[in-house]
Amino acid sequence: MMEHLLSVDDLGGRAGIESMLDLTDSFLEVTQRDIPKVPALRGKTVVSLFYEDSTRTRLSFETAAKRLSADTMTFSVSTSSVNKGESLLDTVQTIDAMGVDSIVVRHPAAGAPHRVASWTSARVINAGDGCHEHPTQALLDAFTLRRHRGPSLDGCRIAIVGDVRHSRVARSNVMAFHALGCELTLVGPPTLMPERLDGWPVAVTPDLDHVLPDVDVVYLLRIQRERIGQALFPSLREYAARWGLTVERAARCKPDTLVMHPGPMNRGIEIAGEVADSARSLVTEQVGNGVAVRMAVLWSLLGSGGPIV
Ligand code: NCD
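Bear in mind that the values here come from a model prediction, so they are computed numbers and not experimental data.

Chemist: For this particular structure, what's the right way to read the pattern of salt bridges?
Modeler: It is possible for side chains bearing opposite charge to pair when their charged atoms get close. Enumeration according to the criterion identifies 14 salt bridges in this entry. Where Arg252 meets Asp209, a salt bridge forms, and the shortest distance between an N and an O atom there is 2.7 Å. Of this pair, Arg252 sits in the loop between helix H9 (247-251) and strand E9 (258-260) while Asp209 sits in helix H7 (residues 208-211), and the two are 43 residues apart along the sequence. Overall, the relative accessible area of 46% leaves Arg252 in the partly exposed class.

Chemist: Please explain the packing of aromatic side chains as it appears in this structure.
Modeler: Aromatic ring pairs are reported here in terms of the distance separating the ring centres and the angle at which the planes meet. One pass over the full model with this rule turns up two aromatic pairs. With a centroid separation of 5.6 Å and 35° between ring planes, the pair formed by Tyr239 and Trp243 is classed as tilted. On the criterion of helical spacing, the pair formed by Tyr239 and Trp243 is a turn pair, its members being four residues apart in helix H8 (residues 236-243). The pair formed by Tyr239 and Trp243 is uniform in burial state, with each residue classed as buried.

Chemist: Teacher, can you tell me more about the packing of helix H2 (residues 56-67) against helix H11 (residues 283-302) here?
Modeler: When two helices pack together, their arrangement is given by the angle between the helix axes and the distance between those axes. Where H2 contacts H11, the two axes come as close as 8 Å, and the packing angle between them is 55°. Taken together, the axes of H2 and H11 are oblique relative to one another. H2 and H11 meet at a crossing whose hand is right-handed. For the pair formed by H2 and H11, the contact residues are Arg56, Thr57, Ser60, Phe61, Thr63, Ala64, Ala65 and Arg67 on the first element and Val287, Gly290, Val291, Arg294, Met295 and Leu298 on the second.

Conventions used here
- Residues numbered from 1 in each chain as written.
- Predicted model: local features only at pLDDT ≥ 70, side-chain atom pairs only at ≥ 80, totals over all residues.
- Heavy atoms only, no water.
- Salt bridge = Lys/Arg side-chain N within 4 Å of Asp/Glu carboxyl O.
- Helix = DSSP H or I, 4+ residues; strand = E, 2+ residues; numbered from the N terminus.
- Buried < 20%, exposed > 50% of the residue type's maximum accessible area, 1.4 Å probe, protein only.
- Phe/Tyr/Trp six-rings, centres within 6.5 Å; stacked < 30°, edge-to-face > 60°.
- Axes fitted to C-alpha atoms, helices over the stretch in contact; angles between N-to-C directions.
- Parallel < 35°, antiparallel > 145°, perpendicular 65-115°, else oblique.
- Left-handed = near helix turned anticlockwise from the far one by under 90°.
- Contact = heavy atoms within 4.5 Å.

Have a look at this one:
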């Protein structure tokens, strides 16, 4: 039984991930009803505690909680100060004193949700911690891909392209896609690869044009300009020219190669606008599936285990 969702590791390997994806199927059905709401979490309170800007992740969690009939509260925290160790503890103790059931945490420091989990009796969900992990993004991506290439993703070839070094999405997605049997290649400038890749179940290359014709999925990452301290590549223009998924590059992919991006997208940098809006792009479907995935996660952590009506 999962206590918190802080890392993809908490899901319990392939079987645990697959059962969460199966559960998501049931919640996707709920979201497609005329009245997309079930009483499953009536009386429960879910708090979102976001120390970083977010559009889709916060809205997605709040929509998911409301569709399960939970009460929601939002703490909008200024993103201007950096060292918030002390005030994070105070805030969590205050929230905890109100008797909430779940805290959804986004924080610029890796490990912050783990600290929060040690300070509260509520169930904690990591909604992105620094350059570390973003497990619900990995689940929604796996769910989206499974709907197109599933039920088994064994042998599915995925290129994850761009700023892997600063990407919590890349870390969580490598873990989840690998657990599901995918073959992964990281592509990008060596300066945007993690310093150490020991133990990562991936191939690595700087040459996007070489891998494109062979892959089933091109998963593009946003250049994390807010986390890049010094110049790690010559210019955004140069980056787009070598690693951007342009219209010409997309045309060299197999006809059924799919394009994914967690958003927010830098159109014209890592992905051309035309490619993002093309038939191969799953970008808006990823966002839509995010709600059903988060319903499944909240229900797993907070539900009574009874049937979903
Ligand atoms: C990602 C994030 O915030 O980690 N976005 C998201 O949750 N959809 C990716 C990003 O910011 O590039």
